[in-house]
Amino acid sequence: MRGIPPKTGLLHHVELWVPDIDRAAAQWGWLLGELGYEPFQDWPAGRSWRLGGTYLVVEQSPDLLGAEHERRRPGLNHLAFHAGDPGSVDELAAEAPRHGWRLLFPELHPHAGGPETYAAYLENADGFEVELVAAL
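Scoring rules and cut-offs
Residues numbered from 1 in each chain as written. Predicted model: local features only at pLDDT ≥ 70, side-chain atom pairs only at ≥ 80, totals over all residues. Heavy atoms only, no water. Helix = DSSP H or I, 4+ residues; strand = E, 2+ residues; numbered from the N terminus. Rg over C-alpha atoms; globule rule 2.2 N^0.38 Å. Buried < 20%, exposed > 50% of the residue type's maximum accessible area, 1.4 Å probe, protein only. Areas by Shrake-Rupley, 256 points an atom, 1.4 Å probe, with all protein chains shown as cover. Lys, Arg positive; Asp, Glu negative; His and termini not counted. Charge placed at Lys NZ, Arg CZ, Asp CG, Glu CD. Contact = heavy atoms within 4.5 Å. Polar contact = N/O pair within 3.5 Å; in protein donor to acceptor, adjacent residues only side chain to side chain. Core = buried A, V, L, I, M, F, W, Y, C linked by side-chain atoms within 4.5 Å. Expected span 1.5 Å × (residues − 1).

Enquirer: Outline the overall build of the chain, listing residues and values.
Expert: For the chain, the helix and strand inventory stands at two helices and eight strands. Relative to the globule expectation of 14 Å for 136 residues, the C-alpha radius of gyration of the chain, 15 Å, shows essentially globular dimensions. In terms of its C-alpha atoms, the chain occupies a principal-axis envelope of roughly 40 × 40 × 30 Å. In the chain, buried positions account for 38% of the 136 residues. Here the chain has roughly 8400 Å² of accessible surface; of this, 54% comes from carbon and sulfur atoms. In the chain, which carries 10 positive and 20 negative side-chain charges, the distance between the mean positions of the two groups comes to 5 Å.

Written as structure tokens, this is what we have:
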């Protein structure tokens, strides 16, 4: 039985090309695990984690051009994840540096997105940014 097909337009997956698969697997694996994702695929040059019908892939592709991601250039700026209540966001932000992530905009945290938001903006060693959004 195949189940109910997903709603058209829902995100299927995101694939990020990274310069160091081991570092990416450790950093993304910690964060995604904390957000409820489960390991999905594992091969020498890549890993993926799944939550429901959506998965995120990190891959060190042999076709990669360049060695670093720059979120301020055209292309992907950041990924935003629902991260629970404000306390959960604070816990993730506090633990993140031990897993290779740093808090962006610390002087504005947790309202860097504006006074009506509560979020943590994190950047990993490869320059990828995530926004962890609290439910208010």
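Now that the structure has been shown, the text picks up again.
Enquirer: Please set out the environment of R47 residue by residue, giving values where relevant.
Expert: Among the secondary structure elements, R47 is positioned in strand β3 (residues 46-51). The class of R47 is buried, set by a relative accessible area of 17%. Separated by twelve residues in sequence, R47 and E59 place their C-alpha atoms 6.6 Å apart. Setting aside residues no more than four positions away along its own chain, R47 makes contact with I21, D22, A25, Q41, D42, L56, V57 and V58. In this structure the side chain of R47 is engaged in a polar contact, spanning 3.3 Å, whose partner is the side chain of D42. Here W43 takes part through its backbone oxygen, which lies 2.9 Å from a polar atom of the side chain of R47.

Enquirer: Which residues make up the nonpolar core, and what values go with them?
Expert: Grouped together as the largest cluster of nonpolar side chains are 30 residues, with contacts concentrated most on W28, L56, V58, F81 and L132. The set of elements that each furnish at least two residues to this core consists of β1 (13-17), α1 (21-34), β4 (54-59), β5 (78-82), α2 (86-95), β7 (119-124) and β8 (129-133). It is α1 that contributes the most residues to this core, seven residues altogether. Contact partners of L56, with chain neighbours within four places excluded, come to V14, L16, W28, L32, R47, S48, W49, L79 and F81.

Enquirer: Break down α1 for me, citing the residues and quoting the values.
Expert: Its 14 residues place the ends of α1 19 Å apart at the C-alpha level, agreeing with the 20 Å of an ideal helix rising 1.5 Å per residue. Looking at α1, one finds that the buried residues are I21, A24, A25, Q27, W28, G29, W30, L31 and L32. Two or three places before D22, at the start of α1, stands the capping residue D20, its side-chain oxygen 3.1 Å from that residue's backbone nitrogen. Looking at the residues trailing α1, positive phi occurs at G36, about 100°.

Enquirer: Pulling in residues and values, what's your account of the side chain of N124?
Expert: Mapped onto the elements of the fold, N124 is located in strand β7. Its relative accessible area of 5% is what places N124 among the buried residues.

Enquirer: Talk me through unusual backbone geometry; I want residue IDs and the actual numbers.
Expert: Here the residue pair H109 and P110 is connected by a cis peptide bond, since its omega of 5° sits within 30 degrees of zero. Relative to the helices and strands, P110 resides in the loop between β6 (101-103) and β7. Phi at F105 is positive, roughly 55°, even though this residue is not glycine. Within the secondary structure, F105 is located in the loop between β6 and β7.

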